[in-house]
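# Descriptive structure summary
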Amino acid sequence: MNIDFNKNGNNLVPAIIQDATTKNVLMLGYMNEEAYLKTVKTNKVTFFSRTKNRLWTKGEESGHFLNVVSLKNDCDNDTLLIQVNPVGPTCHTGSDTCWNEPNAQNFGFLSTLENVITSRKNNGDTAHSYVASLFEKGINKIAQKVGEEAVETIIEAKDSNKELFLNESADLLFHFLILLQAKGFLLTDIVKILEERHT
């Protein structure tokens, strides 16, 4: 890998640390060539600490190491993206990230929708919330709705109307997310099983 450690005039390049699973950015540090070579050799992220003026392996005191999964150089050869499997929190404050955010897996809008379902479930306003009313009716009704939506999706799959097929698919996924929560699970639980099957 051709890294230009001299580009910034201080023999350091920024190293963006990203969780290999959640894809969240955990922290930013700096590496000189020696820190980079030690990182490659040990598979544990090592920075050059500007305050300590020495090499510093993240976790050397706390045990919260950043185990390297992959290293990438950017198009200008002066910034590293390092994907890691973190051991414990990354920030010295005890937070998952140096931005004080949880390092939770995010599935974009599906995670937003999952949060809405949780809120409606906990709020219990059955007069104004379809989701809350489903939870009040219980697991049998929720499971029945998933079955109905699955059948409707299959029927539309055999037809040629793409819009109807996509709408029924959306209904199926929506009700499946409700069923998951009714059983005490989240999308992350399903993804974990799929990942285990993939390896």
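Residues numbered from 1 in each chain as written. Predicted model: local features only at pLDDT ≥ 70, side-chain atom pairs only at ≥ 80, totals over all residues. Heavy atoms only, no water.

### Here's the deal with the packing of aromatic side chains
The criterion, for reference: Stacked, edge-to-face and tilted labels apply to pairs of Phe, Tyr and Trp rings (six-membered ring for Trp) whose centres lie within 6.5 Å, assigned for plane angles under 30 degrees, over 60, and everything in between, in that order. Only runs of H or I of at least four residues qualify as helices and only runs of E of at least two qualify as strands under DSSP, and these elements are numbered from the N terminus. Exposed residues in this analysis have more than 50% of their type's maximum accessible area, buried residues have under 20%, and partly exposed residues fall in between, with area computed by a 1.4 Å probe over protein chains only. Two conditions define a charge located above a ring, namely a distance within 6 Å from the ring centre to NZ of Lys or CZ of Arg, and an angle within 35 degrees of the ring normal.
Applying the stated criterion to the full structure yields two aromatic pairs. For the ring pair Phe 5 and Tyr 36, a centre distance of 6.4 Å and an interplane angle of 55° mean the geometry is tilted. Taken together, the residues span a long stretch of sequence, with Phe 5 in the segment before strand S1 (13-19) and Tyr 36 in helix H1 (residues 33-42) at a distance of 31 residues. Comparing Phe 5 with Tyr 36, the two get one shared label, buried. The side chain of Lys 44 reaches across the aromatic face of Phe 65, ending 4.9 Å from its centre.

### Some details on the nonpolar core
Applicable threshold: By nonpolar core is meant a set of buried Ala, Val, Leu, Ile, Met, Phe, Trp, Tyr and Cys residues that side-chain atoms within 4.5 Å join together. Whether two residues are in contact is decided by their heavy atoms: any pair within 4.5 Å suffices.
Counting residues in hydrophobic clusters, the biggest one holds 17 residues, and the most contacted among them are Ile 17, Met 31, Val 45, Leu 80 and Ile 82. Elements that contribute at least two residues to this core include exactly S1, strand S2 (25-31), H1, strand S5 (66-73) and strand S6 (80-86). Discounting chain neighbours no more than four positions away, the residues touching Val 45 are Ile 17, Met 31, Thr 39, Trp 56, Thr 57, Lys 58, Leu 66, Val 68, Ile 82 and Val 84. The next biggest cluster of nonpolar side chains, apart from the first, holds 12 residues, and it includes Ile 117, Phe 135, Leu 177 and Ile 178.

### A word on helix H4 (residues 139-157)
Counted only if it meets this: What a helix should span is 1.5 Å times the count of its residues minus one. The directions from the helix axis to the C-beta atoms form the arc being described.
For H4, which comprises 19 residues, the first-to-last C-alpha distance of 27 Å matches the rise-based estimate of 27 Å (1.5 Å per residue) to within 8%. Regarding H4, the residues found buried are Ile 142, Lys 145, Val 146, Glu 149, Thr 153 and Glu 156. Projected down its long axis, H4 carries its buried residues within an arc of 100°, all on one side. With respect to the buried face of H4, the exposed residues turned more than 90 degrees away are Asn 140 and Ile 154. Considering only its buried residues, H4 is in contact with helix H3 (130-137) and helix H5 (162-182).

### Here we look at the environment of Gln 144
Stated precisely, the cut-off is as follows: For the purposes of these results, a polar contact is taken to be a pair of N or O atoms within 3.5 Å, where, inside protein, one atom must be able to donate a hydrogen and its partner to accept one; residues adjacent in sequence count only when each atom of the pair is a side-chain atom.
Structurally, Gln 144 is set in helix H4. According to the relative accessible area criterion, Gln 144 is partly exposed, its value standing at 41%. There is a polar contact of 2.8 Å between the side chain of Gln 144 and the side chain of Glu 148.

### Side note on unusual backbone geometry
The phi torsion at Asn 77 lies on the positive side, around 60°, for a residue other than glycine. Inspection of the secondary structure assignment puts Asn 77 in the loop between S5 and S6. Judged by its relative accessible area of 28%, Asn 77 is partly exposed. A positive phi angle is found at Asn 100, which is not glycine, with a value near 55°.

### Considering the side chain of Asp 19
Mapped onto the fold, Asp 19 is located in strand S1. Here Thr 21 takes part through its backbone nitrogen, which lies 2.7 Å from a polar atom of the side chain of Asp 19.

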